[in-house]
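Below are the chains, spelled out letter by letter.
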Amino acid sequence: MKQVISQRRVVNDDWHSVDDETSIDQLPAGKLIVPLSLWNAHRDTLSQRSEPLAVRLNPDDEVDALAPDLSRFAMVVLQFPSFRDGRAYSQARSLRLHHDYQGDIRATGNVLRDQLMYMERVGFSSFEIDPKQRIEDALKAFDEIKVKYQGSSDEPRALYQRRTA
């Protein structure tokens, strides 16, 4: 079973991910991650599932269009096709800040150790680590920077505001 980092712990991943080509009649039982296109095409059918549901967004998908349905999802999965593509950072920040999404936000794709702390700061709470990296080593990345100057999702107040409080 694949492992992921969730809430700074290594856990077994019990989610099943399907692609755009999967027939709605052939969806597996259990926790399910569906692409946004499948959700949009079969919203009514998928809403009737009793198991937890997650939606996977591509970097060019608009988070705002998903806002009315966010409460239906236990998790939103955001893609990093390349470590140089930072659009998922903005998507995560928007989910937390503008839409007050409280569920799990997972980073998938080209997720590298050096980015984990920054991803967590903007709202990511779980991470599929690139298989070329050791997941236990990746856990150390969260505590490497002790002082954070800017405010973000994990600490809204900037350092100067925390010092004067």
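Our structure's up above, just so we're on the same page.
Residues numbered from 1 in each chain as written. Predicted model: local features only at pLDDT ≥ 70, side-chain atom pairs only at ≥ 80, totals over all residues. Heavy atoms only, no water.

J.: Explain the overall build of the chain to me, and be specific about the residues and the numbers.
T.: When helices and strands are counted, the chain shows seven helices and eight strands. The C-alpha atoms of the chain give 16 Å as radius of gyration, which agrees with the globular expectation for 165 residues (15 Å, within 12%). Expressed along its principal axes, the backbone C-alpha trace of the chain runs to roughly 55 × 35 × 30 Å. In the chain, which comprises 165 residues, the share counted as buried stands at 44%. In the chain, of all internal contacts separated by at least 6 residues, the share reaching a separation of at least 24 is 46%. When the accessible surface of the chain is totalled, it reaches about 9300 Å², and 46% of it is carbon and sulfur. Charged side chains of the chain number 23 positive and 26 negative; the gap between the two group centres comes to 8 Å. (Helix = DSSP H or I, 4+ residues; strand = E, 2+ residues; numbered from the N terminus. Rg over C-alpha atoms; globule rule 2.2 N^0.38 Å. Buried < 20%, exposed > 50% of the residue type's maximum accessible area, 1.4 Å probe, protein only. Contact = heavy atoms within 4.5 Å. Areas by Shrake-Rupley, 256 points an atom, 1.4 Å probe, with all protein chains shown as cover. Lys, Arg positive; Asp, Glu negative; His and termini not counted. Charge placed at Lys NZ, Arg CZ, Asp CG, Glu CD.)

J.: Describe the sheet that holds strand S1 (residues 3–6), and please don't skip the residues or the numbers.
T.: Sheet architecture is open: eight strands sit in the order S2-S1-S8-S7-S6-S5-S4-S3, paired in mixed fashion. Every interior strand has two partners, whereas the edge strands, strand S2 (9–12) and strand S3 (16–17), have only one. For strand S4 (residues 32–35) and strand S5 (residues 53–57), the ladder comprises four bridges, and the chain directions are parallel. Residue pairing for S5: Leu-32 is matched across the bridge by Leu-53. Strand contacts of helix H4 (residues 87–97): S5, strand S6 (75–80) and strand S7 (104–109), with the helix running at about 160° to S6, the strand carrying the most contacts. (Pairing = 2+ DSSP bridges. Axes fitted to C-alpha atoms, helices over the stretch in contact; angles between N-to-C directions.)

J.: If you had to explain the pairing of S5 to someone new, which residues and values would you point to?
T.: Burial analysis of S5 places five of its five residues in the buried class, the great majority of the element. Residues Leu-53, Val-55 and Leu-57 of S5 are buried on one face, and the alternating residues Ala-54 and Arg-56, pointing to the opposite face, are buried as well. For S5 and S6, the ladder comprises four bridges, and the chain directions are parallel. Pairing of Ala-54 across the sheet is with Met-75, part of S6.

J.: Run through the pattern of salt bridges, naming residues and quoting values.
T.: In total, this model carries 14 salt bridges according to the counting rule given. Between Lys-2 and Glu-128 there is a salt bridge, with its nearest N and O atoms 3.3 Å apart. On the criterion of sequence distance, the pair formed by Lys-2 in the segment before S1 and Glu-128 in the loop between strand S8 (126–127) and helix H6 (135–138) is long-range, its members being 126 residues apart. According to the relative accessible area criterion, Glu-128 is buried, its value standing at 16%. Here Arg-87 and Asp-85 are joined by a salt bridge, their closest N and O atoms 2.7 Å apart. The exposure class assigned to Arg-87 is partly exposed, which follows from its relative accessible area of 40%. The class for Asp-85 is buried, based on a relative accessible area of 14%. Here the residues in one salt-bridge network are Lys-2, Asp-13, Arg-106 and Glu-128, joined through shared partners. (Salt bridge = Lys/Arg side-chain N within 4 Å of Asp/Glu carboxyl O.)

J.: An account of the nonpolar core is needed here, citing residue identities and associated values.
T.: One broad trend across soluble globular proteins is that nonpolar side chains are buried collectively. Ranked by size, the top nonpolar core spans 37 residues in total, and within it Trp-39, Leu-78, Leu-116, Met-119, Phe-124 and Phe-127 carry the most contacts. Per-element tally for this core: the top contributor is H4, with four residues. Apart from residues lying up to four places away in sequence, Leu-116 is in contact with Ile-5, Val-111, Phe-127, Ile-129, Ala-138, Ala-141 and Phe-142. Core analysis: the second largest hydrophobic core is formed by five residues, Trp-15, Ala-54, Met-75 and Val-77 among them. (Core = buried A, V, L, I, M, F, W, Y, C linked by side-chain atoms within 4.5 Å.)

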